[in-house]
Amino acid sequence: MSLEQQKQLEESYVMHTFGRKPVELVRGQGMRLWDDEGKEYLDFLAGIGVVSLGHCHPALVKAVSDQASTLMHVSNYYYIEGRGQLAQKLSDLLNLRVEESQRQPWQTFFANSGAEANECAIKLARLHGRKRAEAAGSDALPRLIVVLERSFHGRTLATLAATAQPVKQEIFQPLPDGFVPTPANDVAALEALFAQCGDQICGMLLEPVQGECGVYPCTEEYLQAARRLTERYDALLMFDEVQCGMYRCGTYPFGFQHADVLPDVVTMAKGIAGGVPMGACAARDQVAQIFEPGVHGSTFGGSNLAISAANAVLATIEDEGIAQNVAQVGAYLQEQLSKFDQVLEVRGRGLMVAVDLTEDHDAPAIVLEALGKGFLLNATGPHTLRFLPPLVCTREDVDALIRMLAELL
Ligand SMILES: Cc1ncc(COP(=O)(O)O)c(C=O)c1O
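Residues numbered from 1 in each chain as written. Predicted model: local features only at pLDDT ≥ 70, side-chain atom pairs only at ≥ 80, totals over all residues.

Q: Quick question: what am I supposed to make of the sheet that holds strand β11 (residues 265–268) here?
A: The strands making up a sheet associate through hydrogen bonds between their backbones, and the pairing can be parallel or antiparallel. If you trace the seven strands from one edge of the open sheet to the other, you get β4-β12-β11-β10-β7-β5-β6, paired in mixed fashion. Unpaired on one side and paired on the other, β4 (106–111) and β6 (179–182) mark the two borders of the sheet. Recorded for the sheet is a direction-independent mean angle of 20° between the axes of neighbouring strands. Pairing analysis gives four bridges linking strand β5 (residues 144–148) to strand β7 (residues 201–206), with the strands arranged parallel. Paired with Leu144 across the strands is Ile201, a residue of β7. Lying on the sheet, helix α5 (residues 114–135) is in contact with β4, β5, β7, β10 (236–240), β11 and β12 (279–284); it crosses β12 at an angle near 30°. Most of the contacts of helix α8 (residues 187–197) go to β6, to which it runs at about 150°, and overall it touches β5, β6 and β7. (Pairing = 2+ DSSP bridges. Helix = DSSP H or I, 4+ residues; strand = E, 2+ residues; numbered from the N terminus. Axes fitted to C-alpha atoms, helices over the stretch in contact; angles between N-to-C directions. Contact = placed C-beta atoms within 7 Å.)

Here it is, written out as structure tokens:
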């Protein structure tokens, strides 16, 4: 079927929630993709930060193929192979920077997407607030959740309410309430907010590196202030690591581990299973104990197929030293991008990078031109390009990107 026919079918029968680029991708290998006419592309978006091992990594293909021919799904009513091991592995990774004597286990709820992982976190915070009120013998439920301006936490109603971007929220009002936005990296504003309504706050949800708004890392000072205040007011500190987690920032498994801070809840998705849908919400065990059977659930979450994929992804990341690759190639990418006169600012960590271009450069137009030259890029704003390549991206791939950008800019 031609691209034109495919376009017409999608136009008629698929909901128009995404503006698609004029290309049909049919095959992938590592950093490379091919379209229906055999044209090759270098992928600097990785399915929006999902394809962590690159396309069709043999270890992941084997794990998923073997699992698909053995058992794909039985539901959460039963024990299955690999789920406990995966949750234990995540607990170990979350505790990586915690002194051994201080380590406590984390417990994970498995879902299918980032939004669902965040829904789980929001529910945990609300239950935490309820427990706090009960312990104090109070009828006033602490139910506010602090979020950051320009955040992105998903498209379900509650995660949209947590997404402090009024343009995305307006048309869906009324949204679930109880989310209070505050500016990122403004410690004084956060202190004032807690001083004003700390007794009503049950949690704070934030991305340690904000992704969708154009890659803005939170400062260590801010993350530590968030920890100090949530602890003082007995609220949960919840980090949305859907985009910045799973080694995307390099060196460590999670973005928050670049700062000296430990949250109560961490959500993940995207790269965790390398392309098979999976979301996960992990909580330190005293927090996770709030859930009892029947309080939360998912039909598909933590299926045999997704679990085998995630176990293969994590094992491969370790076997192939991918964390170090992300740190090294990410630093090289930032260094090369900052050499362009047309670049005003380079931001990011590891292979989660964005550049602001001078105002005479239209980022969405550059994305289209780059596609013509065989590169998949992404624009998060009129003058902002974001790079989220597979974590196996090499210096040579970066060199190819820089040569192409030099032509375009
Ligand atoms: C930080 C963050 N949280 C949540 C989400 C939502 O994830 P999903 O699209 O898998 O529901 C995203 C998606 O881009 C994200 O970047």
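Q: Is there a simple way to explain the nonpolar core in this structure?
A: Where a protein is soluble and globular, its nonpolar side chains tend to be buried together. With 114 residues, the main nonpolar core has Ala121, Ile145, Ala280, Cys281, Ala309, Ala310 and Val313 as its most contacted residues. Here the element with the most residues in this core is helix α11 (residues 304–319); it accounts for nine residues. Three or more residues apiece are contributed to this core by two domains, here domain 1 (3–57 + 321–408) and domain 2 (71–319). (Core = buried A, V, L, I, M, F, W, Y, C linked by C-beta atoms within 7 Å. Buried ≥ 20, exposed ≤ 12 C-beta atoms within 10 Å, placed from the backbone. Domains from an automatic or database assignment.)

Q: Would you mind showing me how to read the packing of helix α4 (residues 83–94) against α11 here?
A: When two helices pack together, their arrangement is given by the angle between their axes and by how far apart the axes lie. At a minimum axis separation of 9 Å, α4 and α11 run at an interaxial angle of 40°. The angle between α4 and α11 falls in the class oblique. Relative to α11, the crossing made by α4 is left-handed. In contact with Arg83, Gln85, Leu86 and Lys89 of α4, α11 contributes Ile307, Ala310, Asn311 and Leu314. Residues that form the contact of α4 with α11 fall into these classes: four nonpolar, two polar and two charged. (Parallel < 35°, antiparallel > 145°, perpendicular 65-115°, else oblique. Left-handed = near helix turned anticlockwise from the far one by under 90°. Nonpolar A, V, L, I, M, F, W, Y, C, P; charged D, E, K, R; others polar.)

Q: So what exactly am I meant to see when it comes to the packing of helix α12 (residues 322–337) against helix α14 (residues 395–408) here?
A: In the contact formed by α12 and α14, the axes pass within 10 Å of each other and the chain directions differ by 20°. Considered as vectors, α12 and α14 are oriented roughly parallel to each other. Crossing hand, α12 versus α14: right-handed. Here Val329, Tyr332, Leu333 and Gln336 of α12 lie close against α14, whose contacting residues are Arg395, Val398 and Ile402.

Q: Would you explain the domain arrangement of the protein in this entry?
A: The figure often quoted for interface size is the accessible area lost as the parts come together. Looking at the protein, the domain boundaries give domain 1 (3–57 + 321–408) and domain 2 (71–319). Spacing between the C-alpha centres of domain 1 and domain 2 amounts to 27 Å. Contacts between the two partners involve 25 residues from domain 1 and, on the opposite side, 25 residues from domain 2. Considering every element that reaches the side of domain 1 that touches domain 2, the biggest residue donor is α12, with five residues. Partitioning the side of domain 1 that touches domain 2 into residue classes produces 12 nonpolar, 10 polar and three charged.

Q: Can you walk me through the environment of Ala327 in this structure?
A: Mapped onto the fold, Ala327 is located in helix α12. As for Ala327 and Phe340, which are separated by 13 residues in sequence, their C-alpha atoms are 21 Å apart. With sequence-adjacent residues up to four places away left out, Ala327 is seen in contact with Gly250, Thr251 and Gly350.

Q: Would you explain α12 in this entry?
A: Quick reminder: α-helices carry 3.6 residues per turn. Residues three or four places apart thus point the same way. With 16 residues, α12 ought to run about 22 Å at 1.5 Å a step, and its terminal C-alpha atoms sit 22 Å apart, in line with that. Those residues of α12 lying buried are Ile322, Asn325, Val326, Val329, Gly330, Leu333 and Leu337. With its buried residues spanning 120° around the axis, α12 presents them on a single face. Opposite the packed face of α12, turned more than 90 degrees from it, sit the exposed residues Gln324 and Glu335. Packed against the buried residues of α12 are α11, β13 (343–349), β14 (352–357), β17 (384–387) and α14. (Expected span 1.5 Å × (residues − 1). Arc of directions from axis to C-beta.)

Q: Would you mind going over the site of the ligand with me for this structure?
A: In the neighbourhood of the ligand, 14 residues make up the surrounding shell, with Ser113, Gly114, Ala115, Val242 and Gln243 lying closest. Sorting elements by how many residues they give to the shell around the ligand places α5 first, with three residues. Taken together, the residues of the shell around the ligand sort by class into four nonpolar, seven polar and three charged. (Near = placed C-beta within 6 Å.)

Q: What's the story with the sheet that holds strand β2 (residues 32–35) in this structure? I'm lost.
A: Pairing within the open sheet is mixed, and its four strands lie in the order β1-β2-β3-β15. With one partner strand each, in any of the chains shown, β1 (25–29) and β15 (375–376) form the two edges of the open sheet. Where strand β3 (residues 40–43) meets β15, two bridges bridge the pair, whose relative direction is parallel. Each bridged residue has a counterpart across the sheet, and for Asp43 the counterpart in β15 is Leu376.

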